[in-house]
Amino acid sequence: CGFDIEATNLKANIGRILCCSFKPLGQPVYTFSGLEPRFKKLDNHDDSALAAAIRDELEQYDIIVGWNSKQFDVKFINGRNLRADQRTKDAQYHCDSMWTWRSKAAAWSGLDNVQKFVASTGVSKTPIEWSQWMRALGWNKELRETAMNEIITHCERDVEVLEIVYLLQARNNVIRGLRKDGGIL
């Protein structure tokens, strides 16, 4: 299952998770959003229910695939769970396609650049204005929901592009080993 989180900062002690999109191979994308009633808390810094739900959802899959997911997404999810005195994500088979790309190709490794280089399909990443990241937590309901919809669209596009790049890597013998969240088999 491909996955991607969007957060308000790159560090879990300052930022919070806004959403996480999941894309099981060959299936539609679905997203958990911090604005859903089941995850929303009075304190907008409290993303504990969302962090736990993302952790539990990822653990349902045999293999997870991300882009810089070992250095960012999983660590951020774990950090937010630790903040709430919740367990971290169990170790599982994990393909970080960015590091796979970097180990085999002398080309820029941002997902947007890789997509433009190898996967000219109808699906592409979307840019987000910096101000939208703050509006996603704002007081004005209309601005907040507009910002979150834009961020969710961005996140969903990321996992769609990720699937295209992952399948290209798998078809062309780029993925040669699979690690279990840090340890090699």
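Look up a bit, the structure's there.
This report concerns the structure included in the present document. Keep in mind that what you see is a predicted model, and the values were worked out from it rather than measured.

Digging into the layout of surface pockets
Right, so step 1: As a volume, the largest pocket reaches approximately 490 Å³.
Right, so step 2: If you go around the largest pocket, you meet 20 residues; those closest to its centre are Asp-4, Glu-6, Trp-67, Phe-72 and Asp-158.
Right, so step 3: Elements with a minimum of two residues in the lining of the largest pocket: β1 (2-7), α2 (69-83), α4 (111-118) and α6 (141-171).
Right, so step 4: At five residues, β1 tops the list of elements feeding residues into the lining of the largest pocket.

Some details on the packing of aromatic side chains
Right, so step 1: Counted under the stated rule, the structure contains five aromatic pairs.
Right, so step 2: Judged by centre distance (5.1 Å) and plane angle (20 degrees), the ring pair of Phe-22 and Tyr-30 falls under stacked.
Right, so step 3: Classification of Tyr-30 as partly exposed rests on a relative accessible area of 24%.
Right, so step 4: Aromatic side chains Tyr-30 and Phe-32 sit 6.2 Å apart centroid to centroid with 55 degrees between the ring planes, which places their arrangement in the tilted category.
Right, so step 5: One aromatic cluster is present, formed by Phe-22, Tyr-30, Phe-32 and Phe-39 through successive ring pairs.
Right, so step 6: Seen from the ring of Phe-32, Arg-38 lies directly overhead, with NZ or CZ sitting 4.7 Å from the centre.

Focus: the side chain of Ser-97
Right, so step 1: Following the sequence through the fold, Ser-97 ends up in helix α3 (residues 97-104).
Right, so step 2: Not counting the four nearest positions on each side in its chain, Ser-97 is found in contact with Val-65, Gly-66, Trp-67, Leu-162, Tyr-166 and Gln-169.

What counts and how
- Residues numbered from 1 in each chain as written.
- Predicted model: local features only at pLDDT ≥ 70, side-chain atom pairs only at ≥ 80, totals over all residues.
- Heavy atoms only, no water.
- 1 Å grid on protein atoms, 1.4 Å probe; cavity = no way out; pocket = protein on both sides within 12 Å on 5 of 7 lines; lining within 4 Å.
- Points joined across faces, edges and corners; volume = space filled by probe spheres on them.
- Helix = DSSP H or I, 4+ residues; strand = E, 2+ residues; numbered from the N terminus.
- Phe/Tyr/Trp six-rings, centres within 6.5 Å; stacked < 30°, edge-to-face > 60°.
- Buried < 20%, exposed > 50% of the residue type's maximum accessible area, 1.4 Å probe, protein only.
- Lys NZ or Arg CZ within 6 Å of the ring centre and 35° of its normal.
- Contact = heavy atoms within 4.5 Å.

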